[in-house]
Amino acid sequence: MSKADNTMNVPGYEDLARILQGAYDQSAKGKGKERHANNKPFNNQPIMEIGRMVGVGGHTYQICKKAQEAGGMVDRGKLEAAKAELRGVMVYAAAAILLIEGMDG
């Protein structure tokens, strides 16, 4: 996908765009930035650096762990926390895609 294709404005996909934007915002402007960024660009943050060291399996583990934790949060009525955890799943999935793209050459 080229950078020119990155607008999220297809009719009927507004909810998906809102949720994906929420994951981006959590990473770039919220918890991710506050706790993990250390004023580094995403590609140089621990989420990517550790992934380069251990491989994409580290990210798939985090995706599974966060999804499982979110399920427990839903069961306990912690719906906002569950949504935040699932946003983390999306960020880890995006990081895994970036790692795989880096393997393309």
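Okay, so let's go over this structure. (Residues numbered from 1 in each chain as written. Predicted model: local features only at pLDDT ≥ 70, side-chain atom pairs only at ≥ 80, totals over all residues. Heavy atoms only, no water.)

Side chains that differ in charge, positive against negative, can pair when their charged atoms come close. Scanning the model with the defined rule gives six salt bridges in all. Note that Glu85 and Lys66 form a salt bridge whose closest N and O atoms lie 3.0 Å from each other. Placement of the pair is Glu85 in helix H5 (residues 79-103) and Lys66 in helix H4 (residues 56-75), with a sequence separation of 19 residues. Here Glu85 matches Lys66 in class, with each residue buried. (Salt bridge = Lys/Arg side-chain N within 4 Å of Asp/Glu carboxyl O. Helix = DSSP H or I, 4+ residues; strand = E, 2+ residues; numbered from the N terminus. Buried < 20%, exposed > 50% of the residue type's maximum accessible area, 1.4 Å probe, protein only.)

A few words on the nonpolar core. Counting residues in each nonpolar core, the largest one holds seven residues, listed as Ala23, Ile47, Met48, Val91, Tyr92, Ala95 and Leu99. Among the secondary structure elements, those contributing two or more residues to this core are helix H3 (46-54) and H5. It is H5 that provides the largest number of residues to this core, a total of four residues. Leaving out residues up to four positions away in the same chain, Leu99 has contacts with Met48, Gly51, Arg52, Val56 and His59. (Core = buried A, V, L, I, M, F, W, Y, C linked by side-chain atoms within 4.5 Å. Contact = heavy atoms within 4.5 Å.)

Taken together, the buried positions of H3 are occupied by Ile47, Met48 and Gly51. Projected down its long axis, H3 carries its buried residues within an arc of 90°, all on one side. Buried residues in H3 make contact with H4 and H5. (Arc of directions from axis to C-beta.)

With that settled, the discussion passes to the packing of H3 against H5. Where H3 contacts H5, the axes come no closer than 10 Å and their chain directions differ by 50°. What the angle tells us is that H3 and H5 run oblique. The interaxial crossing formed by H3 with H5 has right-handed handedness. On H5, the residues that touch Ile47, Met48, Gly51 and Arg52 of H3 are Val91, Tyr92, Ala95, Leu98 and Leu99. (Axes fitted to C-alpha atoms, helices over the stretch in contact; angles between N-to-C directions. Parallel < 35°, antiparallel > 145°, perpendicular 65-115°, else oblique. Left-handed = near helix turned anticlockwise from the far one by under 90°.)

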